[in-house]
Amino acid sequence: MIPVARPTLGKEEIKNIEKICKTGWLGMGSLVFEFENVLKKMFGRKHAICVNTGTAAIHIALAASGIGRGDEVIVPSLTFAGTIQPILSCGARPVFCDIELEDLNLSMDHLKRLLTKKTKAILPVHYGGVPCNMDLILRIARKDGLRVIEDAAHAFGSEYKNRLIGSFGDIACFSFDPIKTISCGEGGAVVLDDDECAQKITKMRILGIDKDTWNRYHQKRSWLYEVQMEGYRYHMSNINAAIGLAQIKKFKVFKKRRQDIAKFYDKELSRLKHIRILRHDLESTVPFNYTILADKRDLLMHFLKTKGIVTAINYIPNHIQPFFRRKRVALPNTDFAYNRIIGIPLYSSLSINEARFVVGSIKEFYKR
Ligand SMILES: Cc1ncc(COP(=O)(O)O)c(C=O)c1O
């Protein structure tokens, strides 16, 4: 079987986990502090706060930005539930925005039409690692005093106009789940410059408790703690940070592998009549997945499965999920894409021979 995605792990991750097991400090501790410092440096940000999932990162980024009951957050429908649920957790309402078919990112025209007095934030998703039109999103947001909270779960290492996603803008949220470009096993991070917001996020991730973070970073637990605000048990563990620290050292290799495989797919698939490839600049984008729009998608998926190739549909749009579909919204491009999207295998350890087999199998399907 060729999976659609998988983590690329080695002896460095095992060594780091072994080391941390020997210290006996498995929870949040010095390795989380170390991982945050690496992220801060990479993104040139004042703050990088690590949490246990990307979903948690988005939740506390929204909550610390003051998003709450009665507020509207503009977000694409074509995204993982982990983008949407945090909006609900804050008591706010997701307002689903359509996408462009070239890259499956937010449609700027539709976004402008969705703005109301209740809009408090825009939550763009950099689909597949390809940056959204951040200049325009930030300009719209500045004009109306909105917060921009980027779901950068797919975009670790991608660049927008020579700047790393996460290195500019209000707040960016990353995921380090098992199949992301770099993984912590499970994990996430919020990166930002705003001191006040960062202070809230730091407390919120550990049950609203003050001071505990610093003590834990130094492998001490303070029993005299103060709960100062509403908070969650979202902090990252040393075990997850140990994996992340090993993975981030390999990032450049992962990036090149992913770009090379995506370039190979582009070259091989761009000329096929029944397939539409997405727009991406593979010099500046680190592709998280390789999604194409394909005719006879379901039959193709089934055919590839018989060949031992696993594919994915990223994602079932949220506006048609049972929880949301009572309130019908028209998202023609999202609906069009949903019927055609198929993600084919992409991960750093996928060999070119395996990628060639995937391409050959797709060609075989359409020749039949
Ligand atoms: C676009 C997007 N947003 C958010 C998330 C949530 O991240 P996590 O799984 O780390 O909670 C994911 C995870 O797959 C994702 O793909």
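Here the structure is shown first, and the text comes after it.
Analysis parameters
- Residues numbered from 1 in each chain as written.
- Predicted model: local features only at pLDDT ≥ 70, side-chain atom pairs only at ≥ 80, totals over all residues.
- Heavy atoms only, no water.
- Pairing = 2+ DSSP bridges.
- Helix = DSSP H or I, 4+ residues; strand = E, 2+ residues; numbered from the N terminus.
- Axes fitted to C-alpha atoms, helices over the stretch in contact; angles between N-to-C directions.
- Contact = heavy atoms within 4.5 Å.
- 1 Å grid on protein atoms, 1.4 Å probe; cavity = no way out; pocket = protein on both sides within 12 Å on 5 of 7 lines; lining within 4 Å.
- Points joined across faces, edges and corners; volume = space filled by probe spheres on them.
- Domains from an automatic or database assignment.
- Near = heavy atom within 4 Å.
- Polar contact = N/O pair within 3.5 Å; in protein donor to acceptor, adjacent residues only side chain to side chain.
- Areas by Shrake-Rupley, 256 points an atom, 1.4 Å probe, with all protein chains shown as cover.
- Sits in = over half its atoms within 2 Å of the grid points.
- Nonpolar A, V, L, I, M, F, W, Y, C, P; charged D, E, K, R; others polar.
- Expected span 1.5 Å × (residues − 1).
- Buried < 20%, exposed > 50% of the residue type's maximum accessible area, 1.4 Å probe, protein only.
- Arc of directions from axis to C-beta.
- Core = buried A, V, L, I, M, F, W, Y, C linked by side-chain atoms within 4.5 Å.

**Q** Explain the sheet that holds strand β4 (residues 119-122) to me, please; I cannot follow it from the model alone.
**A** Strand pairing in a sheet relies on backbone hydrogen bonds. The paired strands run either parallel or antiparallel. Pairing within the open sheet is mixed, and its seven strands lie in the order β1-β9-β8-β5-β4-β2-β3. Only two strands of the sheet have a single partner each, and these edge strands are β1 (47-51) and β3 (93-97). The average angle at which neighbouring strand axes cross in this sheet is 25°, direction not considered. Note: strand β2 (residues 72-76) against β4, three bridges, orientation parallel. The residue bridging Val73 from the neighbouring strand is Ala121, located in β4. Against the sheet, helix α7 (residues 195-204) makes contact with β1, β5 (147-151), β8 (171-175) and β9 (188-192), and its axis sits at roughly 20° relative to β1, the strand it touches most.

**Q** How should the layout of surface pockets be read in this particular structure?
**A** It is the rolling of a water-molecule-sized probe over the atoms that shows where space remains empty. Within this model, the largest pocket holds a volume of roughly 440 Å³. The wall of the largest pocket is formed by 32 residues, among which His154, Asp177, Lys180, Phe288 and Tyr315 lie closest to the centre. Counting only domains with at least three residues in the lining of the largest pocket, you end up with domain 1 (11-249) and domain 2 (251-367).

**Q** Could you clarify how one ought to interpret the site of the ligand in this entry?
**A** Close to the ligand lie 15 residues, the nearest being Gly54, Thr55, Asp151, Ser175 and Lys180. Lys180 places a side-chain nitrogen or oxygen 2.7 Å from an oxygen atom of the ligand. Within the complex, the protein chains bury 92% of what would otherwise be the 380 Å² of accessible surface of the ligand. Mapping the ligand onto the cavity grids shows that it belongs to the largest pocket. Residues that form the shell around the ligand fall into these classes: four nonpolar, eight polar and three charged.

**Q** Explain helix α13 (residues 352-367) here, please?
**A** Every α-helix carries 3.6 residues per turn, so stepping three or four residues along brings you back to the same face. With 16 residues, α13 should reach 22 Å at 1.5 Å per residue; the first-to-last C-alpha distance of 22 Å fits that figure. Within the sequence span of α13, burial applies to Ala355, Val358, Val359, Ser361, Ile362, Phe365 and Tyr366. The buried residues of α13 occupy an angular sector of 155° when the element is viewed end-on, so they sit on one face. Along α13, the residues that are exposed and aim more than 90 degrees away from the buried face are Asn353 and Lys367.

**Q** Would you mind showing me how to read the nonpolar core here?
**A** Proteins that are soluble and globular tend to have nonpolar side chains buried together. In this structure, Phe35, Leu39, Met134, Phe156 and Phe176 are the most contacted members of the largest nonpolar core, which totals 50 residues. It is helix α6 (residues 134-144) that contributes the most residues to this core, six residues altogether. Each of domain 1 (11-249) and domain 2 (251-367) contributes no fewer than three residues to this core. Excluding residues within four positions of it along the chain, Met134 makes contact with Pro124, His126, Val148, Glu150, Tyr160, Ile165 and Phe168. By size, the runner-up hydrophobic cluster in this structure holds 33 residues, among which are Val51, Ile171, Ile201 and Phe324.

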